[in-house]
Amino acid sequence: FDKESFDPKTFFKMHDNDGDNFLDDWELMALFTGEVDKLFEEFEEGEYDEEEKQEELEMMAEHVKDHVDANKDGLIHINEFIEYTKRDDFVDTDPWKAVFAGTGYD
């Protein structure tokens, strides 16, 4: 990730599917679908169910809202996102800890 070349407005607009200048739960979960698929690709079919993947998506969305949703309205406004990208903790080196990490599933 190159913070210098990252354009937060362009990134936001790419993921704001309905163009309302907010990211809602559905848009956040759509954003993370690829990442969650990567988390589960090491498992054989039948070792997990789709509910577990959905739970992971929901938890990722909540995690992001906890950090970015400044006014706590449940949505991330484009201005909240842009302000968050200016913070030192925007590029977090601590990777996402999957729900199943440390549970015997991994």
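Residues numbered from 1 in each chain as written. Predicted model: local features only at pLDDT ≥ 70, side-chain atom pairs only at ≥ 80, totals over all residues. Heavy atoms only, no water.

A few words on the side chain of glutamate 27. Among the structural elements, glutamate 27 can be located in helix H2 (residues 25–40). At 10 Å, lysine 13 is the nearest oppositely charged side chain to glutamate 27, a buried residue that forms no salt bridge. (Helix = DSSP H or I, 4+ residues; strand = E, 2+ residues; numbered from the N terminus. Buried < 20%, exposed > 50% of the residue type's maximum accessible area, 1.4 Å probe, protein only. Lys, Arg positive; Asp, Glu negative; His and termini not counted. Salt bridge = Lys/Arg side-chain N within 4 Å of Asp/Glu carboxyl O.)

The next subject is the environment of leucine 39. Relative to the helices and strands, leucine 39 resides in helix H2. Each C-alpha atom, one on leucine 39 and one on lysine 53, is 9.0 Å from the other, the two residues being 14 residues apart in sequence.

Within the structure shown, the criterion is met by five salt bridges. Taken together, the shared-partner salt bridges connect Asp25, Glu62 and Lys65 into one network.

Next up on the list: unusual backbone geometry. In this structure, asparagine 21 is a non-glycine residue whose phi angle is positive, near 70°. Mapped onto the fold, asparagine 21 is located in the loop between helix H1 (8–15) and strand E1 (22–23). With a relative accessible area of 25%, asparagine 21 lands in the partly exposed category. Positioned with a positive phi, lysine 72 is a non-glycine residue whose angle comes to about 55°. If you trace the backbone, lysine 72 turns up in the loop between helix H3 (50–68) and strand E2 (76–77). The class for lysine 72 is exposed, based on a relative accessible area of 55%.

Turning our eyes to something else, we now look at the packing of aromatic side chains. Tallying each qualifying case throughout the model produces nine aromatic pairs. When the centroid spacing of 6.5 Å and the interplanar angle of 85° are considered together, the rings of phenylalanine 81 and phenylalanine 90 count as edge-to-face. Given a relative accessible area of 9%, phenylalanine 81 falls into the buried group. According to the relative accessible area criterion, phenylalanine 90 is buried, its value standing at 17%. Put simply, the rings of Phe6, Phe11, Phe12, Phe81, Tyr84 and Phe90 touch in pairs and so form one group of aromatic residues. (Phe/Tyr/Trp six-rings, centres within 6.5 Å; stacked < 30°, edge-to-face > 60°.)

There is a patch of like negative charges on the surface, built from Asp49, Glu50, Glu51, Glu55 and Glu58. Position of glutamate 50 relative to the elements: it lies in helix H3. (Patch = residues over 30% accessible without salt bridge, like charges linked within 9 Å, V, L, I, M, F, W, Y side chains within 5 Å. Areas by Shrake-Rupley, 256 points an atom, 1.4 Å probe, with all protein chains shown as cover. Charge placed at Lys NZ, Arg CZ, Asp CG, Glu CD.)

Two elements in contact, H1 and helix H4 (residues 78–85), have axes separated by 10 Å at closest approach and are oriented at 140°. Considering the angle they form, H1 stands oblique to H4. Where H1 crosses over H4, the two elements pack in a sense that is right-handed. When H1 is examined against H4, the residues Pro8, Lys9, Phe11, Phe12 and Lys13 are found in contact with a partner set consisting of Ile78, Phe81, Ile82 and Thr85. Looking at the contact of H1 with H4 residue by residue, the classes come out as six nonpolar, one polar and two charged. (Axes fitted to C-alpha atoms, helices over the stretch in contact; angles between N-to-C directions. Parallel < 35°, antiparallel > 145°, perpendicular 65-115°, else oblique. Left-handed = near helix turned anticlockwise from the far one by under 90°. Contact = heavy atoms within 4.5 Å. Nonpolar A, V, L, I, M, F, W, Y, C, P; charged D, E, K, R; others polar.)

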